[in-house]
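Okay, here's what each chain looks like letter by letter:
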Number of protein chains: 2
Amino acid sequence: MNKTPRIALAQINCTVGDIVGNGEKILSYIERGREKGADIIVFPEMAISGYPPEDLLLKAKFIKDNIAILDNIAGRCQGITAIIGFVDSDVKGVYNAAAVINGGKVQWVYHKIILPNYGVFDEKRYFRPGNICPTFALDGFIFGVNICEDIWHASGPAKLLTEDGGASLIINLNASPFHAGKHLERKKILAERVCETGAAIAYTNLVGGQDELVFDGGSMLMGSDGTMLAAAPHFEEALLIADLPQIETKKASLSQKPIALDGKIRAKGDLISAPRVAGLGPLEEIYSALVMGSRDYVEKNGFEGVIIGLSGGIDSALTAAVAVDALDPSRVTGVAMPSRYSSKGSVDDARALAENLGIKFHIIPIEPVYTALTSLLAPVFEGYEEDVTEENIQARVRGNILMAMSNKFGRMLLTTGNKSEVAVGYSTLYGDMAGGFNILKDVPKTLVYELSRFVNKRSGRELIPEDSITKPPSAELRPDQTDQDSLPPYDILDPILQSYVEEHKSSDEIIALGYEPELVKKIIRLVDLNEYKRRQAAPGIKITPTAFGRDRRMPIVNRYKELRNDNG
Amino acid sequence: MNKTPRIALAQINCTVGDIVGNGEKILSYIERGREKGADIIVFPEMAISGYPPEDLLLKAKFIKDNIAILDNIAGRCQGITAIIGFVDSDVKGVYNAAAVINGGKVQWVYHKIILPNYGVFDEKRYFRPGNICPTFALDGFIFGVNICEDIWHASGPAKLLTEDGGASLIINLNASPFHAGKHLERKKILAERVCETGAAIAYTNLVGGQDELVFDGGSMLMGSDGTMLAAAPHFEEALLIADLPQIETKKASLSQKPIALDGKIRAKGDLISAPRVAGLGPLEEIYSALVMGSRDYVEKNGFEGVIIGLSGGIDSALTAAVAVDALDPSRVTGVAMPSRYSSKGSVDDARALAENLGIKFHIIPIEPVYTALTSLLAPVFEGYEEDVTEENIQARVRGNILMAMSNKFGRMLLTTGNKSEVAVGYSTLYGDMAGGFNILKDVPKTLVYELSRFVNKRSGRELIPEDSITKPPSAELRPDQTDQDSLPPYDILDPILQSYVEEHKSSDEIIALGYEPELVKKIIRLVDLNEYKRRQAAPGIKITPTAFGRDRRMPIVNRYKELRNDNG
């Protein structure tokens, strides 16, 4: 009877570029893992560099420095085997790599074989693929190592590791970004690989926000029979420790001899009863992603706090609620900036929200500045009718006021446009679009409503004023304006946008779903036309399979109009 | 003695997405080529779709439509062999392809083998590489076809086409973006391939602007002995026609039989004396790129004209000069917006420039709006000192005024920041950074000076007022301010920026070039810190090997600080 190892999955929050801080965190987790009697401890993909470091990878010094940090860790890593993601390089190129550290030394470096280059991923821009996947033997226990995308393909290294290399366990290092429902996809993939290979899988994911991405954690140890042996929480750091149950070691003579590691697997008393944290509900996981993404953007960039323009509407209300959960009420400032077109209700709703959340609140009416600007421009605009220009002026005066407060107080301005607005350009560049970060950038308006009700339900009271949720949405930039003067109802707009933006469907395919042809064409035209606005938009948190930003790279000059089918 | 073909290189300006318009242009050039007696006519890489179409390539309907356009062209293409770049697809994937059209049919489709995925290129995001490169025989004349990057590598298909396929001519389709000096690199590469293979090369490049890229044309026919047989102009459409001189046909039995095409090579009278357009000087080629890039961005996006804030300084002056050359004086509006800190000279210089260029000119003093804004904010800012906030307010009031004029008159606002400013963030977000396009985005300040003198020299008069060129550069946002209060002289700043931004050098490497260590570290810190501003910056024209934008993809959250060498 072979001994089986105690595995520790270190689900840590790394910061891109902070090789020193990431290294210190890794060392502290190694120490904690050793204290808990773990034989093997696993860190996420590119834990030393953070993920994705993007063009930092083009700096030779950055790669050299991350290797120096790795070597320093290795020298201080005794009595435990550690698998750590980092950036490797040799004369041929740069690699997305995992170091196998044992006996105070880097014993092997695995190079990721399957490099994703779609969606938000650009790994072929930076990395050369590896082509070797040996296994390792620790006191007779055989395991293999691979990285993220490697495990997503049946033809990937999992098969070689188990068939040729005899691995009973595949250790898989990840930096897998969140979108709604992604974790179910991951579990399904792991179950497939377990089923095909008969090996257990130790899946370690990164956690934390990085620009537009959130890594949601949810590390798992799946047994060789497909049972979930241990599951870490989502959206927080964790050290998941579990003993691998006794399994039958493969007898067959292996076509590939494992690399022998030093050390003995310690005899254990009782098996550690590993936690199996339940998954989150659909709204809870999205809300948690928004909170973590916002917190990490603010903290990792070193901002003291945030400022939000509160219109009394639902987008700014939900943004403020997330900000308060991400930071602390004392670090969030709300500003209402009524104009001649603002209803009294709007200011009341904004004030009520600020009171409910316990945040600082200012009211700054924009009328004097609006009047000064329009008077100044009157001679130049003589003979022209009022139009959207005057609406934009109001939005930009507000942008000025908020940015001045941001500059003066050193707090970052949050912009509050939702995905539906961002898609069709229902927003003013340098006006309500001004700001360093947009929490709701990837949240369609219909989901903004659901999340707002979720916030109130969870807090057990009307945190977001009911009036903000139920009144007709309006930009209040001209008398009696509502969003539906210009746009279809959001429960029609949002599914059209999803089909077009996320699913790359053609107009004919969307019309075939039952939508009005003229409306579909109008929406598509608006999405295409407003690419120039999105190019200057603040970053925001990806929560859907296709977010605007690094996920969807459209040209601004773009004269594509679909050919009609009878025209082909 | 074999007949040799007359080759036409159609250096056309395609528009991304405009498959119908591009198709019509291709047909008109085919007609012109046939009229001139050409046997073979060659179009640029992805001429039907335009280049780069980016995520349009994820739309199945877009690919289907571009193939429909190709088939339509093929059916109307008689009496000439046409090689046309388009997007192909099959069950396995999508391809960057060249159709060989002959006898009214697509006879073969070549799939690009070497896919660039660095710098501005993301071809592995979209395309599967091809792996077959046959040759073609037209009336006994053997040629091969490949695409752009394919010709840049000695181990690429050029070798197979000539050694195995017996090609006397390699037809190479390109969408090769401009940067200063790029054309010399291309000629060097072609000469290497000719030298290795003994085949002539027909290099056809795209021309025109697409978002941040400019394709500079410069198509060439290089003879099998390395002589330049014909060279098209840069930065304009051209149909370059030349007869290939008599060459010895390879006798060796070929390991790969050429694909036979229909038709005879026509007997010619005198050989066409092909033009050999001289290359442009270093400043002339950059200036031409700025003009073409600006013109195409305005025209292809359908703007009626442009608006420029004229500070009296050199950046806005050069921007206006380029805009006038790109469009027409009647389509350019200049606006001076003096504040309490503006010198009288600044308004005079702006007015003189506008008069010299013959553009419409407004003076709109910002004082009343600035006063209204600062008064409104006074209670909120009570107890705080004046700081950069008040400077930014001025810049943002100007941004508001210009954007209001842009909205009212339907003219795009041009922003005027140069690369040195963009690099260190010496600019106000939503203020002087406001605008749809930034002509000088990739032009370092020292080059702004050179180009300004070039403009005056070329026009034979003081188009840009001498005072704008010689006075100390200043943002004029506080009393007696100059750029050098905050920044080193530009002739020190620019080479440091080039080392860091374009050459990815470390601080130690830059210091080793002889720069002050503290200064180098300060500049690097400024460049890193201001990534968030650049993320919201207007697009601009790439003229260097590494432009900000799609060329240099840095994270915003980025805590990398180089390890000191004694720390490794």
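Numbering of residues starts from 1 in every chain and runs along the sequence as written. Starting at A for chains and at 1 for ligands, labels are handed out in the order in which the entities are written. Predicted model: local features are reported for residues with pLDDT of at least 70 only, side-chain atom pairs are reported and counted for 80 or more only, and whole-chain, interface and lining totals are derived from all residues. Each side-chain value is derived from all of the structure's non-hydrogen atoms; neither hydrogens nor water enter the calculation.

**Quick look at the interface of chain A and chain B**
Then, number 1: Throughout, a residue-residue contact means that at least one pair of heavy atoms, one from each residue, lies within 4.5 Å. Each partner contributes to the interface: chain A provides 91 residues, whereas chain B provides 91 residues.
Then, number 2: Computed with a 1.4 Å rolling probe, the buried area is the accessible surface lost when two parts are put together, summed over both parts. Taking both sides of the interface into account, the surface hidden between chain A and chain B amounts to around 7900 Å²; carbon and sulfur atoms contribute 59%.
Then, number 3: Of all residues in chain A, K408, V557 and Y560 of chain A bury the most surface against chain B, accounting for 10% of the area lost on that side.
Then, number 4: Basic side-chain nitrogens of Lys or Arg form a salt bridge, by our definition, when they fall within 4 Å of a carboxyl oxygen of Asp or Glu. The shortest N-O distance in the salt bridge between K408 of chain A and D387 of chain B comes to 3.1 Å.
Then, number 5: Polar contacts, as used here, are pairs of N or O atoms within 3.5 Å; protein pairs need one atom able to donate a hydrogen and one able to accept it. Residues neighboring in sequence count only if both atoms are side-chain atoms. Seen at the junction of chain A and chain B, the total is 47 residue pairs in polar contact (both at pLDDT 80 or more).
Then, number 6: Listed by contribution, the elements that provide at least two residues to the side of chain A that touches chain B are α1 (19-35), α2 (60-75), α3 (123-126), α6 (282-300), α9 (367-381) and α10 (388-409) of chain A.
Then, number 7: Secondary structure follows DSSP: runs of H or I at least 4 residues long count as helices, runs of E at least 2 residues long count as strands, and numbering of each begins at the N terminus. Per element, the largest residue contribution to the side of chain A that touches chain B is 14 residues, and it comes from α10 of chain A.
Then, number 8: Charged residues are taken to be Asp, Glu, Lys and Arg, nonpolar residues to be Ala, Val, Leu, Ile, Met, Phe, Trp, Tyr, Cys and Pro, and polar residues to be all remaining types, Gly included. In terms of residue class, the side of chain A that touches chain B is built from 45 nonpolar, 19 polar and 27 charged.

**Section: the pattern of salt bridges**
Then, number 1: According to the stated counting rule, one finds 84 salt bridges over all chains in the structure shown.
Then, number 2: The salt bridge partner of D122 of chain B is R553 of chain A, with a shortest N-O separation of 3.9 Å. Here R553 of chain A lies in the segment after α17 (531-535) and D122 of chain B lies in the loop between β5 (105-111) and α3 (123-126), a pairing that spans two chains. Take D122 of chain B and R553 of chain A: they sit in the same class, and that class is buried.
Then, number 3: Members of the salt-bridge network, linked through shared partners, are E54, D122, R550 and R553 of chain A together with E54, D122, R550 and R553 of chain B. Burial classification: accessible surface area is computed with a 1.4 Å probe over protein chains only, and a residue below 20% of its type maximum counts as buried, one above 50% as exposed, and the rest as partly exposed.

**Structural notes on empty space enclosed by the protein**
Then, number 1: Buriedness for pockets is judged along seven lines, at least five of which must meet protein on both sides within 12 Å for an open set on the 1 Å grid over protein atoms alone, while cavities are sets there where a 1.4 Å probe fits but cannot get out, and lining residues have an atom within 4 Å of a point. Grid points are joined across faces, edges and corners, and a volume is the space filled by probe spheres set on the points. The final tally for this structure, using the stated rule, is 12 cavities of 30 Å³ or more.
Then, number 2: In this structure, the largest cavity encloses a volume near 1100 Å³.
Then, number 3: Lining of the largest cavity is provided by 46 residues; of these, R535 and G549 of chain A together with R535, G549 and R550 of chain B occupy positions nearest its centre.
Then, number 4: For the lining of the largest cavity, the secondary-structure elements that each account for two or more residues are α17 of chain A together with α3 and α17 (531-535) of chain B.
Then, number 5: Residues belonging to the lining of the largest cavity are distributed by class as follows: 20 nonpolar, 3 polar and 23 charged.

**Here's the deal with the relation of the copies chain A and chain B**
Then, number 1: Alignment of copies: least-squares fit on C-alpha atoms of residues with pLDDT of at least 70 in both copies. Take chain A, turn it by 180°, move it 0.0 Å along the axis, and it overlays chain B with an RMSD of 0.0 Å. When the rotation and shift are considered jointly, the pair of chain copies conforms to a two-fold rotation axis. Distance from the rotation axis, computed per C-alpha, reaches its smallest value in chain A at Q536 of chain A: 2.1 Å.
Then, number 2: In this assembly the copies share their binding face: 100% of the residues contributing to the interface of chain A also contribute to that of chain B.

**A short note on the sheet that holds strand β17 (residues 332-336) of chain A**
Residues and elements named next belong to chain A.
Then, number 1: What makes two strands pair is DSSP finding at least two bridges between them. The sheet built from 5 strands is open, its strands ordered β18-β17-β16-β19-β20 with parallel pairing. With partners counted over all chains shown, the strands left at the sheet margins are β18 (360-363) and β20 (437-438), one partner each.
Then, number 2: Here 3 bridges tie strand β16 (residues 306-309) to strand β19 (residues 412-415), and the two strands are oriented parallel to one another. Residue pairing across strands places I308 opposite L414, the latter belonging to β19.
Then, number 3: For every element, the axis is a line fit to its C-alpha atoms; helices are fit only across the contacting stretch, and the angle between N-to-C directions ranges from 0 to 180 degrees. Helix-sheet contacts for helix α8 (residues 344-357) involve β17 and β18, and the interaxial angle to β18 is about 160°.

**Regarding the side chain of E421 of chain A**
Residues and elements named next belong to chain A.
Then, number 1: Its location among the elements puts E421 in helix α11 (residues 419-424).
Then, number 2: Salt bridges are absent for the buried E421, whose nearest opposite-charge side chain, K445, sits at 4.6 Å.
Then, number 3: The residues contacting E421, other than those within four sequence positions of it, are D315 and Y426. Only four residue types enter the tally: Lys and Arg on the positive side, Asp and Glu on the negative side, with His and both chain ends excluded.

**Section: the sheet that holds strand β3 (residues 81-90) of chain B**
All names here are of chain B.
Then, number 1: Here we have 6 strands laid out as an open sheet, ordered β5-β4-β3-β2-β1-β14, and mixed in their pairing. The open sheet has two edge strands, β5 and β14 (238-243), and neither has a second partner. Taken pair by pair, the neighbouring strands of this sheet meet at an average axis angle of 30°, ignoring direction.
Then, number 2: Both β3 and strand β4 (residues 93-102) contribute to a ladder of 9 bridges, which runs antiparallel. Following the sheet pairing, I83 is matched in β4 by V100.

**Points about the pairing of β4 of chain B**
All names here are of chain B.
Then, number 1: With 10 of 10 residues buried, β4 is to be regarded as a mostly interior element.
Then, number 2: Judged from the 6 bridges that link them, β4 and β5 form a sheet pairing that is antiparallel. What sits directly across from V100, in β5, is W108.
Then, number 3: If you look at the hairpin formed by β4 and β5, you'll find 2 residues sitting between the two strands, and G103 has a positive phi there, around 65°.

**Side note on the packing of aromatic side chains**
Then, number 1: Centres within 6.5 Å make a pair out of two Phe, Tyr or Trp rings, where for Trp the six-membered ring is used; the pair is then stacked when the planes are under 30 degrees apart, edge-to-face when over 60, and tilted otherwise. Scanning the entire structure with this criterion turns up 22 aromatic pairs over all chains.
Then, number 2: For the ring pair Y287 of chain A and F454 of chain A, a centre distance of 5.6 Å and an interplane angle of 55° mean the geometry is tilted. Residue Y287 of chain A is located in helix α6, and its partner F454 of chain A is located in helix α12 (residues 445-459); the two are separated by 167 residues in the primary sequence. The same class applies to Y287 of chain A and to F454 of chain A, which are both buried.
Then, number 3: With 6.2 Å between their ring centres and 80° between their planes, Y51 of chain B and F215 of chain B make a pair best called edge-to-face. One end of the pair, Y51 of chain B, is in the loop between β2 (40-42) and α2 (60-75); the other, F215 of chain B, is in strand β11 (residues 213-216), and 164 residues separate them in sequence. We note that Y51 of chain B, like F215 of chain B, is buried.
Then, number 4: Every member of this aromatic cluster is reached through a ring pair, and the members are F136, F141 and F143 of chain A.

**Topic: the packing of α9 of chain A against helix α10 (residues 388-409) of chain B**
Then, number 1: In contact at an axis separation of 11 Å, α9 of chain A and α10 of chain B are set at 40° when each is read in the N-to-C sense. With respect to their mutual orientation, α9 of chain A and α10 of chain B come out oblique. In this structure, the crossing between α9 of chain A and α10 of chain B has a hand that is right-handed. Residues L373, L376, L377, V380 and F381 of chain A of α9 of chain A form the contact with α10 of chain B, whose participating residues are N400, I401, A404, M405, K408 and F409 of chain B. Orientation categories follow fixed angle ranges, with anything under 35 degrees roughly parallel, anything over 145 roughly antiparallel, 65 to 115 roughly perpendicular, and all other angles oblique. Left-handed describes a crossing in which the near helix is turned anticlockwise from the far one by less than a right angle; the clockwise case is right-handed.

**Section: α6 of chain A**
Then, number 1: Taking 1.5 Å per residue as the helical rise, α6 of chain A with its 19 residues ought to reach 27 Å, and the 27 Å between its terminal C-alpha atoms agrees with that figure.
Then, number 2: In the stretch just after α6 of chain A, G302 of chain A is the one whose phi turns positive, near 75°. A helix is expected to span 1.5 Å multiplied by its residue count minus one.

**As for the nonpolar core**
Then, number 1: Counting 53 residues, the largest nonpolar core has I401 of chain A together with I401 and M405 of chain B as the members making the most contacts within it.
Then, number 2: The residues touching M405 of chain B, leaving out its near neighbours within four places in the chain, are L377, V380 and F381 of chain A together with I307, V335, H362, I364 and G410 of chain B.
Then, number 3: Nonpolar core, defined: a set of buried Ala, Val, Leu, Ile, Met, Phe, Trp, Tyr and Cys residues in which side-chain atoms within 4.5 Å join the residues together. If you look at the next biggest cluster of nonpolar residues, it comprises 51 residues, including V298, M412, L440 and I464 of chain B.

**Overview of the pairing of strand β19 (residues 412-415) of chain B**
All names here are of chain B.
Then, number 1: On β19, burial covers both faces: M412 and L414 on one face and L413 and T415 on the other are all buried.
Then, number 2: Where β19 lies against strand β20 (residues 437-438), 2 bridges are found, and the strand directions are parallel. When the bridges of β20 are listed, T415 appears paired with N438.

**Let's talk about the environment of G217 of chain B**
Residue and element names in this part refer to chain B.
Then, number 1: Checked against the element boundaries, G217 lands in the loop between β11 and β12 (220-222).
Then, number 2: Distance from G217 to N456, taken between C-alpha atoms, is 26 Å for residues 239 residues apart in sequence.
Then, number 3: Those residues in contact with G217 that sit more than four places away from it in its chain are Q11, R186, N205, L206, V207, P233 and H234.

So, to be careful, I would describe these as geometric facts and stop short of saying anything about function.
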